[in-house]
Amino acid sequence: MKLPFRLFHFAAPARFYGLAGALVPWCWAVFAVFGVAGLFVGFFRAPTDATQGDAYRIIFIHVPAAWMSMVLYMVMAFWAAIGWAFNARLASMVARAVAPTGAMFTFLALWTGSFWGKPTWGAWWVWDARLTSELILLFLYAGFLSIISAIDDPRRADRAGALVAIIGSVNVPIIYFSVKWWNTLHQGASVSLTTAPKMASTMLTSMLLMTIAFWAYAFAVVFMRSRAIVLERDNHAQWAANAALGARRPMASRGMQT
Amino acid sequence: MIWNSASEFFAMGGYGLYVWGAYGVTLACLLVEPVLARARHRQALRALGAEDPA
């Protein structure tokens, strides 16, 4: 079968570098539009909650950040596994690029959750199954990042990182189902595909807009970081040298310093 | 309209510290991370011989 396009066209670092660079501004545009819309609906349209007052407004960033922390872990493990199984260098580089962003969203899920837990539960932190498994997720990201930076040979580091990422991925369903499997202080899922949402539609709208914004953010930053990683790794390739030459600012914007 | 004044908005019904503490740190993280990623990219370009990379 002949495909109308080449499936692995963008698996070449040089082509990926160009494509990612072209996509970054669009990702930022989507982030800005959906972020502003989400915050507007969340702060100026969604009503004050009857039981939690305005403290509940943390949900608009807490739930999207927690979703991103889990999704990005699976994305990282997926590309790390592909990079290992098929000896695909670019896939391993993308896995490396995803990790810091995933770790940041995990931190934000914990941080915003803590700032929500204090006024509603009376404690910044409890050793509840949901909170504990999310904290383990942060340690798994940290483990992946430390192991790839501890091994000098980049491909060996990629494989060791992939092993950590794949084994750690069992934690993601544990986080997701923790509120069902254990009797947790943390509330159950706010949104599910099988039941009606347990909140006002404006609240749900804001949360979903913020989720799209966070997705776009993650794409933008991961593309930016992958471009840096690709250049660092391919630093002996002619295309990378050409990219560096092309990256020079035009004379006009450099002012009179010549 | 939910809020009658700007101060009511910032007070968040008495939960201002928690709401803005959560949002403030999130905003700070989302501002710092792209700056770091951009710096790393520029560093990679400089290492390849680019002067004053855009």
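The rules behind each value
- Residues numbered from 1 in each chain as written.
- Chains lettered and ligands numbered in written order.
- Predicted model: local features only at pLDDT ≥ 70, side-chain atom pairs only at ≥ 80, totals over all residues.
- Contact = placed C-beta atoms within 7 Å.
- Helix = DSSP H or I, 4+ residues; strand = E, 2+ residues; numbered from the N terminus.
- Nonpolar A, V, L, I, M, F, W, Y, C, P; charged D, E, K, R; others polar.
- pLDDT = per-residue confidence, 0-100.
- Core = buried A, V, L, I, M, F, W, Y, C linked by C-beta atoms within 7 Å.
- Buried ≥ 20, exposed ≤ 12 C-beta atoms within 10 Å, placed from the backbone.
- Axes fitted to C-alpha atoms, helices over the stretch in contact; angles between N-to-C directions.
- Parallel < 35°, antiparallel > 145°, perpendicular 65-115°, else oblique.
- Left-handed = near helix turned anticlockwise from the far one by under 90°.

## Description of the interface of chain A and chain B
Here's step 1: Taken together, the contact pairs 35 residues of chain A with 30 residues of chain B.
Here's step 2: Contributing elements (two or more residues each) for the side of chain A that touches chain B: α3 (89-121), α7 (201-233) and α8 (238-246) of chain A.
Here's step 3: At nine residues, α3 of chain A tops the list of elements feeding residues into the side of chain A that touches chain B.
Here's step 4: Taken together, the residues of the side of chain A that touches chain B break down into 21 nonpolar, five polar and nine charged.

## Comments concerning the confidence of the model for chain A
Here's step 1: Confidence in the prediction of chain A, expressed as mean pLDDT, is 91, and 92% of residues score 70 or more.
Here's step 2: Contacts from residues 254-258 of chain A, a stretch scored under 50 in pLDDT, to residues over four places away or in other chains number two contacts.

## Examining the nonpolar core
Here's step 1: Of all hydrophobic cores here, the largest spans 83 residues; its most connected members are I58, M76, A95 and V98 of chain A.
Here's step 2: In contact with I58 of chain A, other than residues within four places in its own chain, are T112, F115 and W116 of chain A together with Y18, V19 and A22 of chain B.

## Section: unusual backbone geometry
In terms of backbone geometry, most residues other than glycine have negative phi values and most peptide bonds are trans.
Here's step 1: You will see that N87 of chain A, though not glycine, has its phi angle at about 55°, which is positive.
Here's step 2: By the element assignment, N87 of chain A lies in the loop between α2 (59-85) and α3.
Here's step 3: Phi at M12 of chain B takes a positive value of approximately 50°, unusual for a residue other than glycine.

## Quick look at the packing of α2 of chain A against α3 of chain A
All names here are of chain A.
Here's step 1: At a minimum axis distance of 7 Å, the contact between α2 and α3 shows a crossing angle of 160°. With respect to each other, α2 and α3 are oriented roughly antiparallel. Here the hand of the crossing between α2 and α3 comes out left-handed.
Here's step 2: Considering only residue class, the contact of α2 with α3 consists of 20 nonpolar, nine polar and one charged.

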